[in-house]
Amino acid sequence: MGVTGARLPRTNPPFFHRYNPPAMGKQSDALFQRAQQVIPGGVNSPVRAFRGVGGTPLFIEQALGARIFDVDNLQYIDCVGSWGPMILGHGHRYVVEAVKKAATRGFSFGAPTAGEVELAEMVIQAVPSIEMLRLVSSGTEATMSALRLARAATGRKKIIKFDGGYHGHVDSLLVKAGSGGATFNVPDSAGVPKEVAELTISVAYNDLEAVRAVISDDVAAIIVEPVAGNMGCVPPREGFLQGLRKICDDSGALLILDEVMTGFRVAYGGAQSLYNVTPDITTLGKVIGGGMPIGAYGGKKKLMELVSPLGPMYQAGTLSGNPIAVAAGKATLGVLKNSAIYSDLEERSAEFEAGVRAAAEKHGVPITFNRVGSMWTLFFTDGPVFDFESANKSNREKFARFFHLMLGEGVYLPPSQLEAAFFSAAHAKKDILQLIERADRSLKKVAWEFEK
Ligand SMILES: *Cc1c(COP(=O)(O)O)cnc(C)c1O
């Protein structure tokens, strides 16, 4: 397909096949010991700590294409992709070139640049519901600002979200949140004032009746992941997103599609193009920065004109529209736009899904495989998985065992049952075949140990 652009390093030939899974490499172990002294849990984002699966997290040295290398020089096929951004694979040469060029011009100016305008134009062209957007530095900032905008526009206070939905670590969005909180069974964070949490109503994903039961004229917005990815991958049921649109239209609440994960991931136009639903506000992040810190929120001009300095809603950022992040984002979207990446990703991902389903069936391991394009989760439950409660029926011990068996096989999966995995354009057909073989062997062992 000619877009992977990544070569394996010629020096330090990597190897894998570590048959003692939970015993991590020496360097990772040593670094983790040091890290725990100076960083909470040794990590700068909770799920990285491997607490969902046990063991020591890998410290990463470098990554290229579909491969990631740890500090012990062990090689893995990467199915995390930095939790979504790396859709082109690691070190794509166009993106690397763009970043290098931008870096030589200066890291940050705190003044407008042409790149910001170009990235905004690319996003607006790809996502018709966005007529104007504001760049920020993370997905969290994007959703936080989207809520403020919805409240500013409606004069209302309350927010509806979904159990297991994660929208960054915004105070009011940590109520029954997915991702790390769910992984550690503490979905409601300490430190969020009761008065703030009370403004958030959380109901079951894919349950329109539950939304209808709580909607009122005090609801400013419904915020939803159009394909949930932070309780594992959970696709919307047919009509769910359209139903939310209708409820918003009837009640005067705004619909916020949080496409931080799905934007430019499940389709170039995001999940909203795939499911044909038009939000009032879209939040973006991850892929639009190609691995650099970025976020964005946007919508109709009339709405975005409420944002300072045009309007009364204040929102700002010293590093917003950072030129290097913008360069990485522009290069990434440029490659995505001019290629057949999404159909290739669909084909490879479908092949993987079929292979894993066949292996699980052969070995008698009950699983549910949820997938939208290159975003997927293998749940250890006979399912179906359509919301947080059903995702939580998964057997986490089986998942943890499978995770470590796969790690021993040289496959880096998200270290939590409740996170989505990702393929990139750098995952070649032979990688998919290797992954299926390794999953087959690992599922066979899981079957021996659990399914007697
Ligand atoms: C990752 C994610 C966020 C938060 O983005 P950060 O850049 O981690 O702050 C918000 N919403 C969704 C759907 C996400 O997947």
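Residues numbered from 1 in each chain as written. Predicted model: local features only at pLDDT ≥ 70, side-chain atom pairs only at ≥ 80, totals over all residues. Heavy atoms only, no water.

**Here we look at the overall build of the protein chain**
Of the regular secondary structure elements, the protein chain holds 15 helices and 14 strands. In terms of overall dimensions, the protein chain is globule-like: its C-alpha atoms have a radius of gyration of 21 Å, near the 22 Å expected for 452 residues. For the protein chain, the spread of C-alpha atoms along the three principal axes comes to 60 × 55 × 45 Å. Of the contacts made within the protein chain by residues no fewer than 6 positions apart, 73% connect residues no fewer than 24 positions apart. With 47 positive and 45 negative side-chain charges, the protein chain shows a separation of 5 Å between the mean positions of the two kinds. (Helix = DSSP H or I, 4+ residues; strand = E, 2+ residues; numbered from the N terminus. Rg over C-alpha atoms; globule rule 2.2 N^0.38 Å. Contact = heavy atoms within 4.5 Å. Lys, Arg positive; Asp, Glu negative; His and termini not counted. Charge placed at Lys NZ, Arg CZ, Asp CG, Glu CD.)

**Points about the domain arrangement of the protein chain**
How big an interface is tends to be expressed through the accessible area that disappears when the partners come together. Taken as a whole, the protein chain is organised into domain 1 (14-90 + 340-451) and domain 2 (93-336). With both sides pooled, the region where domain 1 packs onto domain 2 buries about 2,800 Å², and carbon together with sulfur makes up 67% of that total. One can count 9 residue pairs in polar contact (both at pLDDT 80 or more) joining domain 1 with domain 2. Listing elements by their share of the side of domain 1 that touches domain 2, those giving two or more residues are α12 (341-363), β11 (368-372), β12 (375-379) and α13 (388-391). Residue contributions to the side of domain 1 that touches domain 2 peak at 4 residues, all from β12. (Domains from an automatic or database assignment. Buried area = accessible area lost by both parts, 1.4 Å probe. Polar contact = N/O pair within 3.5 Å; in protein donor to acceptor, adjacent residues only side chain to side chain.)

**So, the sheet that holds β12**
Pairing is antiparallel across the open sheet formed by 3 strands, whose spatial order is β11-β12-β14. Looking along the sheet, the strands with just one partner apiece sit at the ends: β11 and β14 (421-422). Sheet analysis places β12 next to β14, joined by 2 bridges and oriented antiparallel. Each residue of the ladder has a partner; that of W376, found in β14, is A421. Relative to β11, α12 is tilted by about 175 degrees, and along the sheet it contacts β11 and β12. (Pairing = 2+ DSSP bridges. Axes fitted to C-alpha atoms, helices over the stretch in contact; angles between N-to-C directions.)

**So, helix α4 (residues 139-154)**
Think of an α-helix as turning once every 3.6 residues; residues three or four places apart then point the same way. For α4, spanning 16 residues, the distance from its first C-alpha to its last is 23 Å, which sits close to the expected 22 Å at 1.5 Å a residue. If you check which residues of α4 are buried, you get G139, T140, A142, T143, S145, A146, L147, L149 and A150. G155 sits one or two positions beyond α4 and adopts a positive phi of about 70 degrees. (Expected span 1.5 Å × (residues − 1). Buried < 20%, exposed > 50% of the residue type's maximum accessible area, 1.4 Å probe, protein only.)

**Some points on the packing of aromatic side chains**
One pass over the full model with this rule turns up 15 aromatic pairs. When the centroid spacing of 6.5 Å and the interplanar angle of 55 degrees are considered together, the rings of Y76 and Y412 count as tilted. With Y76 in strand β3 (residues 75-78) and Y412 in strand β13 (residues 411-412), this residue pair connects regions lying 336 residues apart in the sequence. Judged by its relative accessible area of 1%, Y76 falls in the buried class. (Phe/Tyr/Trp six-rings, centres within 6.5 Å; stacked < 30°, edge-to-face > 60°.)

**Here we look at the sheet that holds strand β10 (residues 295-299)**
Backbone hydrogen bonds are what pair the strands of a sheet, in a parallel or an antiparallel way. Read from one edge of the open sheet, 7 strands run β4-β10-β9-β8-β7-β5-β6, paired in mixed fashion. Each end of this open sheet is capped by a strand with a single partner; those strands are β4 (132-136) and β6 (200-203). Shown here is a sheet whose adjacent strand axes are inclined to one another by a mean of 20 degrees, direction ignored. Pairing between strand β8 (residues 254-258) and strand β9 (residues 281-284): 3 bridges, direction parallel. Bridge pairing in β9 links D258 to T283. Against the sheet, helix α3 (residues 114-126) makes contact with β4 and β9, and its axis sits at roughly 125 degrees relative to β4, the strand it touches most.

**Description of the nonpolar core**
Nonpolar side chains tend to gather and get buried jointly when the protein is soluble and globular. With 72 residues, the main nonpolar core has F264, L333 and L336 as its most contacted residues. The element best represented in this core is helix α11 (residues 323-337), accounting for 9 residues. Composition of this core by domain shows at least three residues from each of domain 1 (14-90 + 340-451) and domain 2 (93-336). Ignoring any residue separated from it by four or fewer positions in sequence, one finds L333 in contact with L119, M122, V123, F264, Y268, V287 and I288. In this structure, Y205, I222, A228 and L418 belong to the second largest nonpolar core, which totals 28 residues. (Core = buried A, V, L, I, M, F, W, Y, C linked by side-chain atoms within 4.5 Å.)

**A closer look at the site of the ligand**
Taken together, S138, G139, T140, Y166, H167, G168, E225, N230, D258, V260, M261 and K286 make up the full set of residues adjacent to the ligand. One of the backbone N or O atoms of G139 is found 2.8 Å from an oxygen atom in the ligand. A distance of 3.4 Å is found between a nitrogen atom of the ligand and a backbone nitrogen or oxygen belonging to Y166. Here the shell around the ligand is composed, by residue class, of 3 nonpolar, 6 polar and 3 charged. (Near = heavy atom within 4 Å. Nonpolar A, V, L, I, M, F, W, Y, C, P; charged D, E, K, R; others polar.)

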